[in-house]
Amino acid sequence: MSEEEKPKVVEKGLKKKSTWGFVIVVIILIMAVLGFATGKIHVNPEKEVLPTNYAPEIKYAYETNLSSVKGDITIVVGVEDKDGDRMNIQFWIRESASAPWKGIGNFEGGNGSYPMKVSYMRNSSSIKGTCYWRVDVTDYKEFVSEEHEFKFTGREV
């Protein structure tokens, strides 16, 4: 018999497979089912990610005592920072939309109301007109700003 004609012998043996992997998976499944059924395992929905810092808010802004060409007004702003951070509140004013802003004062503080008295003369006491004011608020992490306008009556008081 030639080599090609000889029957090939294949050893057949039984290899013992480990059943530990299967047992562990079954135990984990049983524990999970029992945990959910007894209420001891809870799945929490994704929590809302809150910002690390809230920007300050300008809650209200208005002017009072507006009565003359002279621009004797009191500017009032209410500010709030949900984090309770200290804030810098800066007031600005300008005569026209094209004029540069002029700083007129600032406050350092917390949540609350801040009045700024302004005696601001226009170039001519007989001209009716619109002037502008702005407030900038920062908690040194975030910055907000608002612009407003006021009109002069054109008459001396």
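Above this note sits the structure.
Sequence order as written defines the numbering, with residues in each chain counted from 1. Totals for whole chains, interfaces and linings use every residue, but because this is a predicted model, local features are given only for residues with pLDDT of at least 70 and side-chain atom pairs only at 80 or more, for both listing and counting. Excluded from the side-chain calculations are hydrogens and water; all other atoms, namely the structure's heavy atoms, are used.

S.K.: Hey, could you run me through the overall build of the chain in this one?
M.R.: On a plain count of helices and strands, the chain comes out with 1 helix and 7 strands. The classification of residues rests on relative accessible area computed with a 1.4 Å probe and restricted to protein chains. Under 20% of the type maximum is buried, over 50% is exposed, and intermediate values are partly exposed. Among the 157 residues that make up the chain, the fraction classed as buried is 28%. Here a residue-residue contact requires only that any non-hydrogen atoms of the pair lie within 4.5 Å. Taking all contacts inside the chain whose residues are at least 6 apart in sequence as the whole, residues at least 24 apart take part in 59%. Using a 1.4 Å probe, accessible areas were evaluated by the Shrake-Rupley method; residue-level cover was limited to the displayed protein chains. Within the structure as shown, the chain displays about 11700 Å² of accessible surface, and the carbon and sulfur contribution to it stands at 57%. Secondary structure elements are taken from DSSP: a helix is a run of H or I of four residues or more, a strand is a run of E of two residues or more, and numbering for both begins at the N terminus.

S.K.: Help me understand the pattern of salt bridges, please; the structure alone is not making it clear to me.
M.R.: Oppositely charged side chains can form a pair if their charged atoms are brought close together. Should a side-chain nitrogen of Lys or Arg be within 4 Å of a carboxyl oxygen of Asp or Glu, the pair is scored as a salt bridge. Summed over the entire model, instances satisfying the criterion amount to 5 salt bridges. For K141, the salt bridge goes to D85, with nearest N and O atoms at 3.3 Å. Here D85 lies in the loop between β2 (72–80) and β3 (87–94) and K141 lies in the loop between β6 (129–138) and β7 (143–152), a separation of 56 residues in the sequence. For K141, a relative accessible area of 54% corresponds to the exposed category.

S.K.: Whenever I open this one, the sheet that holds β2 confuses me. Can you help?
M.R.: Consider a sheet: its strands pair through backbone hydrogen bonds, and that pairing is either parallel or antiparallel. One open sheet holds the 3 strands; their spatial order is β1-β2-β5, and the pairing between them is antiparallel. Looking along the sheet, the strands with just one partner apiece sit at the ends: β1 (57–64) and β5 (112–119). Each adjacent strand pair in this sheet contributes to an overall mean axis angle of 15 degrees, direction not counted. Pairing between strands is defined by DSSP: at least two bridges between the two strands are required. Of the strand pairs in this sheet, β2 and β5 are connected by 8 bridges, and their pairing is antiparallel. Directly across from V77, in β5, lies its bridge partner Y114. Interaxial angles span 0 to 180 degrees and are taken between N-to-C directions of axes, which are lines fitted to C-alpha atoms, for helices over the stretch in contact.

S.K.: Explanation requested: the side chain of D81 in the structure shown.
M.R.: Checked against the element boundaries, D81 lands in the loop between β2 and β3. When sequence neighbours within four positions are dropped, the list of residues in contact with D81 reads Y54, A55, P56, M87, N111 and D139.

S.K.: Can you walk me through the environment of K117 in this structure?
M.R.: Mapping K117 onto the fold places it in strand β5. Counting along the chain gives 41 residues from K117 to V76, while the straight-line C-alpha distance between them is 8.7 Å. Excluding residues within four positions of it along the chain, K117 makes contact with I73 and T74.

S.K.: Can you walk me through the pairing of β3 in this structure?
M.R.: Where a strand is regular, its side chains alternate between the two sheet faces. Across the 8 residues of β3, 7 count as buried, placing the element largely inside the fold. By the bridge criterion, 7 bridges tie β3 to strand β4 (residues 102–109) in an arrangement that is antiparallel. Bridged to F91 within β4 is G105. Of the strand pairs in this sheet, β3 and β6 are connected by 7 bridges, and their pairing is antiparallel. Its bridge partner lying in β6, F91 is registered against V135.

S.K.: I'm lost on the packing of aromatic side chains in this one. Help?
M.R.: Given two aromatic rings, one states the distance between the centres and the angle between the planes to describe the pair. Put simply, two rings from Phe, Tyr or Trp (the six-membered ring, in Trp's case) pair if the centres are within 6.5 Å, and we call them stacked under 30 degrees between planes, edge-to-face over 60, tilted for the rest. For the coordinates displayed, the defined rule picks out 3 aromatic pairs. Ring plane angle 85 degrees and centroid distance 6.1 Å describe the contact between F91 and F107, whose orientation is recorded as edge-to-face. Linking F91 in strand β3 with F107 in strand β4, this pair joins segments that are 16 residues apart in sequence. Owing to a relative accessible area of 0%, F91 belongs among the buried residues under this scheme. Its relative accessible area of 27% is what places F107 among the partly exposed residues. Taking 5.2 Å as the distance between ring centres and 45 degrees as the angle between the ring planes, the aromatic pair formed by F107 and Y114 counts as tilted. Grouping aromatic residues by their ring pairs yields a cluster made of F91, F107 and Y114.

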